[in-house]
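Read off the chains here:
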Amino acid sequence: MTQETIQSTLEEIRVFEPPKSKALFSSLHDWKLASDAFQKDFEGTWGNLAQQHLTWQKLFTQVLDERNPPFYRWFADGNINLSENCLDRHVNNGLGEQVAIIWEGEPGDVRRITYNELLAEVCLAANGLKSLGIKKGDRVIIYMPMIPEAAIAMLACARIGATHSVVFAAFSAQALHDRIEDTGAKAVITADGGWRRGAIHDLKSCVDVALTQGCNSVEHVLIVKRGHHDTNWQEDRDVDWVDLLKAQADVCEPTIIEAEHPLFILYTSGSTGKPKGIVHSTAGYLLWAHLTMQYSFDFKPESDVFWCTADVGWITGHSYSVYGPLCNGGTTLMYEGVPTYPDAGRIWKICQDHGVTVFYTAPTAIRALIKAGDDYPNAYDLSKLRVLGTVGEPINPEAWMWYHTVIGKERCPIVDTWWQTETGGHMLAPMPFSIPTKPGSATLPLPGIFAGIVDAEGEDVKDGGGLLVLKKPWPSMLRGVWGDEQRFIETYWEKFAHKGYYFAGDGARKDEDGYFWIMGRVDDVLNVSGHRLGTMEVESALVSHHAVAEAAVVGRSDDIKGESVFAFVVLKEPESEGLEAILRAHVSKEIGPIAKPDTIRFADNLPKTRSGKIMRRLLRDIAAGRDINSDISTLEDQSVIAQLQG
Ligand code: 7RM
C-alpha cells in the first residue's frame, strides 16, 4: 500500500506533564539516558540488564546471536529457570511473607497467597506433573478460570520446563480442540467451572467435547474443583488436582532450563488462516516482562498492589497478571468474574477494598464503564491509585480524559501501552513520571526498543502515516509460529526483509514531537476518495459527541469514492430526531467532510471478541450487506446482529 496519504486530521493538542514523584525514572532526561545507553552499546546494555535483574543458573557469555535472522537468539548459552526467578529468589531474599497474589472470586471470597505459600504450591504442582510423566519439552494446555491455580499451573510448567499454552476459558470446545491438536499437548489442566455473572461456567465439559475426536496426545486431564458440580469423570484419564498435589513433596528443585527454551505458546488471530501459535522464549521474555513493570508502571514491589484486569488467556495476562509482577517480587491481584457483576461498581470496589495502586485495563472496558455513569466510581475510595494503564486498541481521547479525570482525579499518569502478543511486552508507552502524555498517543518507544514508521519500501516516513516497524530485535520478541516456520517469516519478516525490520501490521503516524499515534491495523485503514482515514479517528470524532457511547467505523466499497464511511453507533440515550444528520455534521466538523459517515446505524451494543476487540470483519460484512462470514458463536448478545443489519 502507499502510505503518503494516510491522514490524521483529528488534532489532539492537549499535553499533560508527568507528575513529580520519587519514581524509578522521574524526568524526560532519565528516559533519554536509558534510551541512549542502547544507542551506544546495544548488546552490552541488554547484557547488563539481564545480569542485574535476573537470577541465572548459568550466566550467558553471548547476548544476541543474529547469525540467522529472523531466528534471533538471546542469552542462548545461559541457563535460567523462570519459576526460580518468580518465587525462590524472593523467598531467599526474606520476602517469603510478602503477598504474591491477592485473589477475589466473583462471589466475594478472597485468598491472599504469600511467596512462601506460592512456592510450596508450585512445587507440589510441579511434582504432580512429573509424577504423571510430564517432562521438559512436553506441552501442557491450561484451560482455566481466573483462579490462583491458573498461575500456579503456569509456574509449575515453567519449573519443570513443560511448555504451556493457555487457552482462554471462553473459547469454544472446537477452538480448544484445535489448539490441543496443534501443540500435541500431553495434558490439559482445567477446572470443573468458574463463576461468571452469578453462575458457574463449566470448562471440564468443554474439555470432554474437545477430546472426543483426535487429540490422541492427551494422556491426562487435571481438574481443579472450583465449580463443585458433577462432571463426567473418566477414571483412566481424569485426575483431581487436590488429590494429586496431596501426594507430593513440597520441594521441587527447579529444572535446568536453557535461555531459549520455549516457555509458552499462545494463539493469536492474524488476517488470514487459523490462529497462529506464537512461541516465546524463557529468558528474553522474562527479562522484558520484568523490566517493563518498572519502565511503564514505575512498579514498586514493596508497596504497590498491581491489578491487570486481563485474563491469563491473553498475552496481557501472561506478562502483567502473572510473570511481570511476580518476577519483581510484587503483589498482583486476580479477579475471577465479570467486571460489571453484580454492578458497574465492582471494579472500583475491588480497587478500594484491596488498595490497588496501579491499575491496567482496556479502552473497551473504560468505555463500558463510562456508559454506566460516574456515580459508580464516585462511590468508592480510589485515592490509593497512582498509575493507570491501558492496552489493546487505540484509546479515544474522550475515554482517555474520563480515565484521567474521573478515575485518576487528574493525579495519575495515564500509560497507553502499545504492544502485541508477538512482542511479549510493551514496546511504546510513556514512562509515567518521565514522559508528557497526549490523550490517544502511546507516545514513545521504551528504552531498548527501536520503533519506526516506514512506507511500503521500508523507508522512514517523515510526515503523515505509515507502517509501524521494529527495527532491531528485542529480548521478548516471538521466536516463531509453532510448527510453521514459513508463516513466521511471511507474516512478520518478509515485507521488510531487505531492512531486517519486524512488521507489526499496524498503521501509525508520528507527530512533531516524535510521538506515535497508532491508527489501527493496516487492514482497518480506509481510503475515501484517495484520502486515507483511520477508522479510529472517525470513531473518536463520533464518541466526542455527547450522545455517543461507542462507535465502530468500517469501509464500504463505493463506486465513486473507492470507500465510504459506515458507522455503527451505540448511544447513551434514546435516539432523538435528526440525530443522524447531527452526528454526520459533527464528524465533518471534527475531521472534515471527507470523514463524514455515509451511513450511521444505531444499536444497543457492538459485537466484540472475547478479548474486547470490535469484530470489524463482521461489521464490514454487515455494512456491505453480505452474508456473515465471521464466527459469531462467541457473541454474548446475538440479537445485536439483527439491529446492526438495520
Ligand atoms: C497486547 C495486545 C495487538 C494489536 C496491535 C494493535 C492493537 C494493542 C494498543 C493497540 C493502539 C494500543 N496484544 N493494540 N495495544 N492499538 N494502542 N495501546 O493487545 O496481540 O491481542 O493485539 O492490538 O492493533 O497490533 S494483541
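Okay, so let's go over this structure. The shown structure was predicted, so the numbers you read here are calculated from the model rather than taken from an experiment.

Across a sheet, paired strands are connected by hydrogen bonds in the backbone, their directions being either parallel or antiparallel. Pairing is antiparallel across the open sheet formed by four strands, whose spatial order is β20-β21-β23-β24. Every interior strand has two partners, whereas the edge strands, β20 (451-454) and β24 (516-521), have only one. Between one strand axis and the next, the sheet turns through 45 degrees on average, direction left out of account. Across five bridges, strand β21 (residues 465-470) lies against strand β23 (residues 502-510) in antiparallel orientation. If you follow Gly 465 over to β23, its bridge partner there is Arg 509.

Okay, the nonpolar core next. Membership of the largest hydrophobic core comes to 145 residues, with the highest contact counts inside it found for Trp 46, Phe 75, Leu 118 and Tyr 323. Excluding residues within four positions of it along the chain, Leu 118 makes contact with Leu 87, Ala 100, Ile 101, Ile 113, Ile 152, Leu 155 and Leu 326. Counting residues in hydrophobic clusters, the runner-up holds 27 residues, among them Val 99, Leu 333, Ile 395 and Tyr 403.

Right, let's talk about the site of the ligand for a bit. Of all residues adjacent to the ligand, which total 16 residues, the nearest are Asp 416, Thr 417, Thr 421, Asp 506 and Arg 521. Here Thr 417 contributes a backbone N or O atom positioned 2.7 Å from a nitrogen atom of the ligand. Across the complex, the protein chains shield 90% of the 520 Å² of accessible surface that the ligand would expose by itself. Mapped by element, the contributors of at least two residues to the shell around the ligand are α10 (315-327), β19 (414-417) and β24. Of the residues that constitute the shell around the ligand, the class distribution is six nonpolar, five polar and five charged.

Let us now look at helix α16 (residues 535-543). The buried count for α16 comes to nine of nine residues, which makes it a mostly enclosed element. Looking at α16, one finds that the buried residues are Thr 535, Met 536, Glu 537, Val 538, Glu 539, Ser 540, Ala 541, Leu 542 and Val 543.

Turning our eyes to something else, we now look at the pattern of salt bridges. Scanning the model with the defined rule gives 31 salt bridges in all. Glu 336 is paired through a salt bridge with Arg 226; the nearest N and O atoms lie 2.7 Å apart. Residue Glu 336 is found in the loop between β16 (331-335) and α11 (346-354), and its partner Arg 226 is found in the loop between β11 (220-224) and β12 (238-240); the two are separated by 110 residues along the sequence. One exposure class covers both Glu 336 and Arg 226, and it is buried. In this structure, Arg 616 engages Glu 539 in a salt bridge whose closest nitrogen and oxygen atoms are separated by 3.0 Å. With Arg 616 in helix α18 (residues 616-624) and Glu 539 in helix α16, the pair connects residues that are 77 residues apart, well separated along the chain. The pair Arg 616 / Glu 539 is uniform in exposure class, with both members buried. Within this structure, Lys 204, Asp 208, Arg 237 and Asp 238 form a network of salt bridges that share partners.

What counts, and where the lines are drawn
Residues numbered from 1 in each chain as written. Predicted model: local features only at pLDDT ≥ 70, side-chain atom pairs only at ≥ 80, totals over all residues. Heavy atoms only, no water. Pairing = 2+ DSSP bridges. Helix = DSSP H or I, 4+ residues; strand = E, 2+ residues; numbered from the N terminus. Axes fitted to C-alpha atoms, helices over the stretch in contact; angles between N-to-C directions. Core = buried A, V, L, I, M, F, W, Y, C linked by side-chain atoms within 4.5 Å. Buried < 20%, exposed > 50% of the residue type's maximum accessible area, 1.4 Å probe, protein only. Contact = heavy atoms within 4.5 Å. Near = heavy atom within 4 Å. Polar contact = N/O pair within 3.5 Å; in protein donor to acceptor, adjacent residues only side chain to side chain. Areas by Shrake-Rupley, 256 points an atom, 1.4 Å probe, with all protein chains shown as cover. Nonpolar A, V, L, I, M, F, W, Y, C, P; charged D, E, K, R; others polar. Salt bridge = Lys/Arg side-chain N within 4 Å of Asp/Glu carboxyl O.

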